[in-house]
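# Observations on chain architecture
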There are 2 protein chains.
Amino acid sequence: MSKTPSNPKGTRDFLPSNLSKRNYIIDIIKKNFLSFGFLQIETPALERNSTLSGKYGNEGDKLIFKILNSGDKIKKANFSAIKKNNFLEFTNSISEKGLRYDLTVPLARFVAQHQNELIFPFKRFQIQNVWRADRPQHGRFQEFTQCDADIIGTNSIFQEIELIKLYDTIFSELGFNDIIFKINHRKILNAFANYVGFGNKLTDFISILDKTDKIGVNSVINELNKISDSKSVSKLSSLLAKENITIEKLKILFNASDNGKRGIEDINTILNFISKNNCIKNKIQFDLTLARGLNYYTGTILEVNLNSNSSIGSLGGGGRYDDLTSFFNLKNMSGVGISFGLDRIFMQMELQGLFPKYLNHNFDIIVINFGITYLEKLYPIINKLRNAGKKIDIYPDKVKLNKQFSYANKHNVNYAIIMGEDEYKKEEVIIKNMKSGSQSNYSIKKINPELF
Amino acid sequence: MSKTPSNPKGTRDFLPSNLSKRNYIIDIIKKNFLSFGFLQIETPALERNSTLSGKYGNEGDKLIFKILNSGDKIKKANFSAIKKNNFLEFTNSISEKGLRYDLTVPLARFVAQHQNELIFPFKRFQIQNVWRADRPQHGRFQEFTQCDADIIGTNSIFQEIELIKLYDTIFSELGFNDIIFKINHRKILNAFANYVGFGNKLTDFISILDKTDKIGVNSVINELNKISDSKSVSKLSSLLAKENITIEKLKILFNASDNGKRGIEDINTILNFISKNNCIKNKIQFDLTLARGLNYYTGTILEVNLNSNSSIGSLGGGGRYDDLTSFFNLKNMSGVGISFGLDRIFMQMELQGLFPKYLNHNFDIIVINFGITYLEKLYPIINKLRNAGKKIDIYPDKVKLNKQFSYANKHNVNYAIIMGEDEYKKEEVIIKNMKSGSQSNYSIKKINPELF
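Every value quoted in this text rests on a predicted model; they were computed, and no experiment measured them.

Parameters at a glance
- Residues numbered from 1 in each chain as written.
- Chains lettered and ligands numbered in written order.
- Predicted model: local features only at pLDDT ≥ 70, side-chain atom pairs only at ≥ 80, totals over all residues.
- Helix = DSSP H or I, 4+ residues; strand = E, 2+ residues; numbered from the N terminus.
- Buried ≥ 20, exposed ≤ 12 C-beta atoms within 10 Å, placed from the backbone.
- Contact = placed C-beta atoms within 7 Å.
- Axes fitted to C-alpha atoms, helices over the stretch in contact; angles between N-to-C directions.
- Left-handed = near helix turned anticlockwise from the far one by under 90°.
- Nonpolar A, V, L, I, M, F, W, Y, C, P; charged D, E, K, R; others polar.
- Pairing = 2+ DSSP bridges.
- Least-squares fit on C-alpha atoms with pLDDT ≥ 70 in both.
- Core = buried A, V, L, I, M, F, W, Y, C linked by C-beta atoms within 7 Å.
- Expected span 1.5 Å × (residues − 1).
- Bend = angle between axes of the 7 residues up to and from the residue.
- Domains from an automatic or database assignment.

Of the regular secondary structure elements, chain A holds 17 helices and 16 strands. Oriented by its inertia axes, the alpha-carbon framework of chain A measures out at about 95 × 65 × 45 Å. Put simply, chain A has 452 residues, and 42% of those count as buried. Look at the contacts in chain A between residues 6 or more apart in sequence, and 68% of them connect residues 24 or more apart.

All names here are of chain A. Axis separation between helix 8 (residues 186-195) and helix 13 (residues 258-275) bottoms out at 7 Å; the angle between their running directions is 145 degrees. Seen from above, helix 8 lies across helix 13 with left-handed handedness. Note on element contacts: helix 13 touches helix 8 through Asn259, Gly260, Arg262, Gly263 and Ile264, opposite Lys187, Ile188, Asn190 and Ala191. Taken together, the residues of the contact of helix 8 with helix 13 sort by class into three nonpolar, four polar and two charged.

This part takes up the environment of Gly175(A). All names here are of chain A. Inspection of the secondary structure puts Gly175 in the loop between helix 7 (158-174) and strand 7 (179-185). Its 14 C-beta neighbours within 10 Å are what place Gly175 among the partly exposed residues. Sequence separation between Gly175 and Phe355 is 180 residues; the distance between their C-alpha atoms is 8.2 Å. For Gly175, the contacting residues outside a window of four places in its chain are Met349 and Leu354.

Before going further, it helps to spend a moment on the sheet that holds strand 15 (residues 428-433) of chain B. All names here are of chain B. Strand order across the open sheet formed by five strands is 13-12-14-15-16, with mixed pairing between neighbours. The open sheet has two free edges, formed respectively by strand 13 (392-394) and strand 16 (439-443), since each of these has just one partner strand. With direction set aside, neighbouring strand axes in the sheet form an average angle of 25 degrees. Across three bridges, strand 12 (residues 365-367) lies against strand 14 (residues 415-418) in parallel orientation. Residue pairing in the sheet places Ile365 in a bridge with Tyr415 of strand 14. The strands that helix 16 (residues 372-387) touches are strand 12, strand 13 and strand 14; relative to strand 13, the one it contacts most, it runs at about 165 degrees.

Aligned on chain B, chain A shows an RMSD of 0.0 Å; the corresponding rotation is 180 degrees and the shift along the axis is 0.0 Å. When the rotation and shift are considered jointly, the pair of chain copies conforms to a two-fold rotation axis. When each C-alpha of chain A is compared by its distance to the rotation axis, Ile67(A) comes out closest, at 2.3 Å. Same-surface contact between copies: 99% of interface residues of chain A are shared with the interface of chain B.

Glancing now at the interface of chain A and chain B. Contact residues are listed per partner, giving 89 residues for chain A and 90 residues for chain B. Counting residues per element, the side of chain A that touches chain B draws most heavily on helix 15 (residues 372-387) of chain A, which supplies six residues. The class makeup of the residues in the side of chain A that touches chain B is 42 nonpolar, 25 polar and 22 charged.

Residues that lie three or four places apart on an α-helix share one face, since the helix turns once every 3.6 residues. Residue and element names in this part refer to chain A. Of all ten residues in helix 8, eight are buried; the element is thus mostly enclosed. Those residues of helix 8 that sit buried are Arg186, Lys187, Ile188, Leu189, Asn190, Ala191, Phe192 and Ala193. After helix 8 finishes, the residue Gly197 shows a positive phi value of roughly 90 degrees.

Let us now look at the sheet that holds strand 8 (residues 283-286) of chain A. Residue and element names in this part refer to chain A. Within the open sheet, the eight strands sit side by side as 1-5-6-11-10-9-7-8. Their pairing is mixed. Of all strands in the sheet, those bounded by a partner on one side alone are strand 1 (39-40) and strand 8. In this sheet, strand 10 (residues 316-321) lies alongside strand 9 (residues 300-306) in antiparallel orientation, the contact comprising four bridges. In the strand pairing of strand 10, Val304 is matched with Gly316. On top of the sheet, helix 7 reaches strand 6 (143-152), strand 7, strand 8, strand 9, strand 10 and strand 11 (335-340); it is set at about 15 degrees to strand 11, its chief contact.

If you look at the biggest cluster of nonpolar residues, it comprises 225 residues, and the most contacted ones within it are Val367(A) and Val367(B). Once residues within four sequence positions are removed from consideration, Val367(B) is found in contact with Leu378(B), Ile382(B), Ile392(B), Ile394(B), Tyr395(B) and Ile417(B).

Attention now goes to helix 15 of chain A. Along its 16 residues, helix 15 of chain A runs 21 Å from first to last C-alpha, staying within 8% of the 22 Å computed at 1.5 Å per residue. At Leu378(A), helix 15 of chain A is deflected by roughly 45 degrees, the largest bend along its length, and proline Pro380(A) occurs up to four residues later in sequence. Within helix 15 of chain A, the full set of buried residues consists of Tyr374(A), Leu375(A), Leu378(A), Tyr379(A), Ile381(A), Ile382(A), Leu385(A) and Arg386(A). The inward-facing, buried residues of helix 15 of chain A contact strand 12 (365-367), strand 13 (392-394) and helix 17 (421-426) of chain A together with helix 1 (16-35) and helix 7 (158-174) of chain B.

Another aspect to go through is unusual backbone geometry. Residue and element names in this part refer to chain A. Note the cis peptide between Phe120 and Pro121, where omega equals -10 degrees. Note on placement: Pro121 falls in the loop between helix 6 (104-113) and strand 5 (122-131). At Asn85, a residue that is not glycine, the phi angle is positive and equals roughly 60 degrees. Tracing the sequence through the fold places Asn85 in the loop between helix 4 (79-83) and helix 5 (87-94). Phi at Glu427 is positive, roughly 55 degrees, even though this residue is not glycine. Accessibility expressed as a C-beta count within 10 Å gives 11 for Glu427, which makes it exposed.

The domain architecture assigned to chain A consists of domain 1 (16-41 + 110-352), domain 2 (46-99) and domain 3 (361-451). When each unit is reduced to the centre of its C-alpha atoms, the spacing between domain 2 of chain A and domain 3 of chain A is 57 Å.

Attention now goes to the environment of Ile274(A). Residue and element names in this part refer to chain A. Relative to the helices and strands, Ile274 resides in helix 13. Overall, Ile274 belongs to the buried group, with 20 C-beta atoms counted inside 10 Å. It is 8.7 Å that separates the C-alpha atoms of Ile274 and Ile164, two residues lying 110 residues apart in sequence. Each residue touching Ile274, except ones within four places of it in the same chain, is listed here: Ile161, Ile164, Cys279, Ile280 and Ile284.

Written out as structure tokens, the structure reads:
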């Protein structure tokens, strides 16, 4: 093996500097999930193919990574299937398991399987990796982390309010102050589709509308006209001209639609609550063009964008689904959830300089190594400082000082503890500030965490 | 789909109560890794088959989960190979990637690949899942978590001391006070094998010796006699009779062996340092029968056991390896590392009742739901308490009180915040202690985190 080894295309190694920033984000998300009463679960990376297949549409199904059966089981490979170009049948003959494609289907499986062990309504969060056999390209990975919070088993519209507040709390703590939450409702979209004559082509209507952010209102209207002989182009245009649509206007237009009224009532409840008490720090806005591609949403839908630059795509999204667990024979389990786009959030925080400076220090203190006799004398104070929460690296070898200091500087360490021959005799150490270069001698007995 | 769905055999769903305990362990391990100056990395679950294969021996290779190539690539399936029962060739024709089998080979790949971006000596830790196609059985899983800390790029024996101290700190903080660290050295084992006449059968000697804990000294001697016509049975017996072997005695016996002397010097350095200053809280003991199965160890080897019950197997282990990255063409990178057996640690902590009681509370406070008008008035104080770090769940729906209290009790909540019609009018809330049943009224303005 003469080539330098590498990780597979579309996957990533995380080096310490990047990982500590990712963990900073995840820790803040997790802390707030917990403070809002969500409980953490984890599901295995491996799921049965029967659990995964048929849940993500034809395109999604093709992107599931399949695990080859091990041992003798691969003898059962169905050759005739592949000769007939029936890849699926061939695959099924040699694979029983696949890698988790998202956290939503495993959640539905989990809730159905463990329904008798769970306390309902069930508020869970989950932060785990998922895998997709997408063609690797810039910003799209085959392995990435999803962070989801969901409430299962209640219709209460107050959950949407809690989730928006949770979003707002987390994005504020991460340092964002330019977030806009866009909100819409699948029932409003249904009424909308009926009103403009697309009621019988709802799925197409939603999937085209979902592109508004990317291709603009005019292109959306063009595409919609292509799939319908609707006479309602003017209705459509006037509704999609963003500045004109208010929830009040829709209330009059959709007056005859039960769907429309119910959706509008939900959105009003949410916006009314949130507008009181300065409930959130960022902006929230009803957006009739917000559609969200996923086909399991049935109620409120929600997306997180940068107010000043929506072209980077959403930093998170979510919505209500009435029937997710029915895939697994568990009916009447309305749920609502949100998700965080960790990689996009990371990129934006880098761009905006939102990561705290302390993350650049790999540890707090370096102990310069003069040999094991010196370390024996230093070890009790090192233990004391570590117990007080200081991160301390002892340089591994007794080597030249400049090599040790260069290592310390590469790690961007703030302080060095130095005990040479003189200090050893006097029971002292030097504490050197690695930034200013200043240093002072202290008796070993006087060393305490507050000096650093 | 009429059957209840399930996770694949050999994998686990983690429900909140178990996961919070697992995370308690992992958080303590991680905190101490950081305080000892280790930096975290993560590698992808997917590795190239060329990275994984040939590293784990024949048996290990068979246990690697292979990923099926996606899309048209499976057309290249080599049928003739499987007809010839050449499973490996068939597998290679339809798979390029596999799932991470441990964290050690990916570390070696990572260090070789990123050598120019890393700061050496490189102290890294890694806490990630690994996958093995073992036959599922009690206590053995196909997906489990490894926690490893390693120092790469130094021969310094002081690293062994730091790793033992790290082990001691972590196991003490987890609540164990009955740990014994067993220590040995591959160079001592080499000298030992030569001394008793097994020098030309070193691998067999080590793998049989490694079973001492399981089958006992007498069976080990029997098995060793089977593979050698050695005349040194008495030498072997007297050395393996545990009470007789001290490091001082070995020093005399192995006086002619450079290997032996070097190994004994290392062990002495470690034990001498640790015996001073009450360096560790648990016990440490030289153990000539400790062998550790893995074939990449070349120096110190180390294992963590319960002193009172070694039959449960080790809670962790590690050792020094001189040449791990040479798999990937990077020479002279001596490393040393330790690993934590998370599942065994978990089991022992459950048995010994070492998990803190607060982990039984899913959250701190439940807010009883009297409807959205009440929640509007309560929301500012809920935010205040959440910001102060309290975990608060608001019951999702406005339903009967006994249903809400039953939910709270199932979650083992300490306090309930109640605002009914009377309290609403008086701008008050009731704080009810869910354990004692006692309750008091407070003005909304007086609510602060110290009340809970």
